[in-house]
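Residue-level listing of the chains:
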Amino acid sequence: MNDDVSSRQNDSLHSFVSKLPPELLSHIFALMLDDSPIHEELCYPRPHRTLGWFVVAQVCHQWRNVAIGNPILWHHINFALGLPWASEMLERSQATPVSIE
């Protein structure tokens, strides 16, 4: 019975989340840029770095598409993540003015 209630709650939350407009999601993601710029995990043999805010893009397909498709989220190009990431960020920033670190 508990699994059934939990499943309904998850479905309800997913339904609500999927109805958020892309503009609102983009704004929320933009607010996260400063709060969670780069996340570093100490892994052997070298640290693993990712964009900290980008974890929200893993929530669902819709959120990922919104994050990837918003050039403002990619305007700050950080080479600490490596050349492939920097190149991808430059491409995703499109015509948005960029800052480079």
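Asker: So what's going on with the packing of helix 2 (residues 22–35) against helix 3 (residues 61–69)? Which residues, and what values?
Answerer: Where helix 2 meets helix 3, the axes come as close as 10 Å, and the angle between the chain directions of the two elements is 70°. Classified by the interaxial angle, the pair formed by helix 2 and helix 3 is roughly perpendicular. In the crossing of helix 2 with helix 3, the sense of the turn from one axis to the other is right-handed. Here P22, L25, S26 and F29 of helix 2 lie close against helix 3, whose contacting residues are Q62, W63, V66 and A67. Residues that form the contact of helix 2 with helix 3 fall into these classes: six nonpolar, two polar and no charged.

Asker: How would you summarise helix 4 (residues 83–92) if you had to cite specific residues and measurements?
Answerer: Residues spaced three or four apart along an α-helix face the same direction, because each turn holds 3.6 residues. For helix 4, every residue scored as buried is listed here: A86, M89 and R92. The arc that holds the buried residues of helix 4, viewed along the axis, is 130°, so those residues lie on one side. What points out from helix 4, more than 90 degrees from its buried face, is the exposed set L83, P84 and E91. Q94 occupies a position one or two residues after helix 4 and carries a positive phi of about 50°.

What counts, and at which threshold
Each chain carries its own residue numbering, running from 1 in the written order of its sequence. A pLDDT threshold of at least 70 governs which residues receive local features in this predicted model, and a stricter bar of 80 or more applies before side-chain atom pairs are shown or counted, although totals over entire chains, interfaces and linings include all residues. Side-chain figures throughout are based on the complete set of non-hydrogen atoms in the structure, without hydrogens or water. Interaxial angles span 0 to 180 degrees and are taken between N-to-C directions of axes, which are lines fitted to C-alpha atoms, for helices over the stretch in contact. Only DSSP runs of H or I covering at least 4 residues are called helices, and only runs of E covering at least 2 are called strands; the numbering of each starts at the N terminus. Just so you know how the angles are binned, under 35 degrees is roughly parallel, over 145 roughly antiparallel, 65 to 115 roughly perpendicular, and the rest oblique. In this scheme the crossing of two helices becomes right-handed for a clockwise turn of the near helix relative to the far one and left-handed for an anticlockwise turn of less than a right angle. Contact between two residues is taken to exist if any of their heavy atoms lie within 4.5 Å; hydrogens are not considered. We call Asp, Glu, Lys and Arg charged. Ala, Val, Leu, Ile, Met, Phe, Trp, Tyr, Cys and Pro are nonpolar, and the rest, Gly among them, are polar. A 1.4 Å probe rolled over the protein chains alone gives each residue an accessible area, and that area as a share of the maximum for its type sets the label: buried under 20%, exposed over 50%, partly exposed in between. Think of it as the arc spanned by the lines of direction from the helix axis to the C-beta atoms.

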